[in-house]
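Structural overview
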Amino acid sequence: MEEGKNEIMELRRMIEGCFERQNKLIARLEMELEALSNFNGKQMLDSRDMRLQLKVCDRTLIRWRMSGKLPSFKISGKVYFWAFDVYKFLREEYGTAALPEAIEEQESITTIKNSKTNGKSK
């Protein structure tokens, strides 16, 4: 009985040690990724970051890039955007630095308000 408890405790310590090593590794990787996405204090976003944050597809990003609306650059064949340029593009395109989904919510609220106003005037 005592042997079983000792084995369980040893296994628990081993698992906790693995988790600690994983947490340290994750923290190191996050620091490395942060260093890779910054250059001279400026934040760079890749296409994947852009798609996830703006909730748009690849084709939309390509269209914005090709039209010259959203400046980009390549490093080793991978497309990057400066965060500053993205915020500037959003302000110019949408009149705010909000993400497109927030703009859609704002438009739907405006539509609801307008329909209520139109209903009262009838």
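Note: the structure precedes this text.
It should be emphasised that the depicted structure is a prediction, and the values quoted were computed from it without experimental measurement. (Residues numbered from 1 in each chain as written. Predicted model: local features only at pLDDT ≥ 70, side-chain atom pairs only at ≥ 80, totals over all residues. Heavy atoms only, no water.)

1. Side note on the nonpolar core
To be explicit about the condition: Here, the term nonpolar core denotes a set of buried Ala, Val, Leu, Ile, Met, Phe, Trp, Tyr and Cys residues that are joined through side-chain atoms within 4.5 Å. To sort residues, take the accessible area from a 1.4 Å probe on protein chains only and compare it with the maximum for the residue type: under 20% means buried, over 50% means exposed, and anything in between is partly exposed. Under the scheme used here, helices are H or I runs from DSSP no shorter than 4 residues and strands are E runs no shorter than 2 residues, and both carry numbers assigned from the N terminus. By definition in these notes, contact holds between two residues if any of their heavy atoms fall within 4.5 Å.
Core analysis: the largest hydrophobic core is formed by 13 residues, its most contacted members being Met50, Leu54, Leu61, Trp64, Leu70, Phe81 and Val86. Listed by contribution, the elements that provide at least two residues to this core are α2 (47-54), α3 (58-66), β4 (78-82) and α4 (83-94). It is α4 that contributes the most residues to this core, 4 residues altogether. Contact partners of Leu70, with chain neighbours within four places excluded, come to Met50, Leu61, Trp64, Arg65, Phe81, Asp85, Val86 and Phe89.

2. As for the sheet that holds strand β3 (residues 73-75)
To be explicit about the condition: In this analysis, strands are considered paired if DSSP registers two or more bridges between them. Here the axes come from fitting lines to C-alpha atoms, over the contacting stretch only for helices, and the angles between their N-to-C directions go from 0 to 180 degrees.
What the 4 strands build is an open sheet, ordered β1-β2-β4-β3; its pairing is antiparallel. Across the chains shown, the open sheet's two edge strands, defined by having one partner strand only, are β1 (38-39) and β3. α4 rests against β2 (42-46) and β4 of the sheet, and its axis sits at about 65 degrees to β4.

3. With respect to the packing of aromatic side chains
The following threshold applies: Centres within 6.5 Å make a pair out of two Phe, Tyr or Trp rings, where for Trp the six-membered ring is used; the pair is then stacked when the planes are under 30 degrees apart, edge-to-face when over 60, and tilted otherwise. A ring is scored as having a charge over it whenever the NZ atom of a lysine or the CZ atom of an arginine sits within 6 Å of its centre and within 35 degrees of its normal.
The tally for this structure, following the rule as stated, stands at 3 aromatic pairs. Ring centres 6.0 Å apart and planes at 25 degrees place the aromatic pair Phe73 and Tyr80 in the stacked group. Take Phe73: its relative accessible area is 22%, and that puts it in the partly exposed class. Counting every residue linked through ring pairs, the aromatic cluster contains Phe73, Tyr80 and Trp82. Between Lys42 and the ring centre of Trp82, over which it is positioned, the NZ or CZ distance is 5.6 Å.

4. What to know about unusual backbone geometry
Of note, Lys55 is a non-glycine position whose phi angle comes to about 55 degrees, a positive value. By the secondary structure assignment, Lys55 is in the loop between α2 and α3. We note that Ser76 has phi near 50 degrees; this positive angle belongs to a residue other than glycine. Residue position: Ser76 is located in the loop between β3 and β4. Owing to a relative accessible area of 81%, Ser76 belongs among the exposed residues under this scheme.

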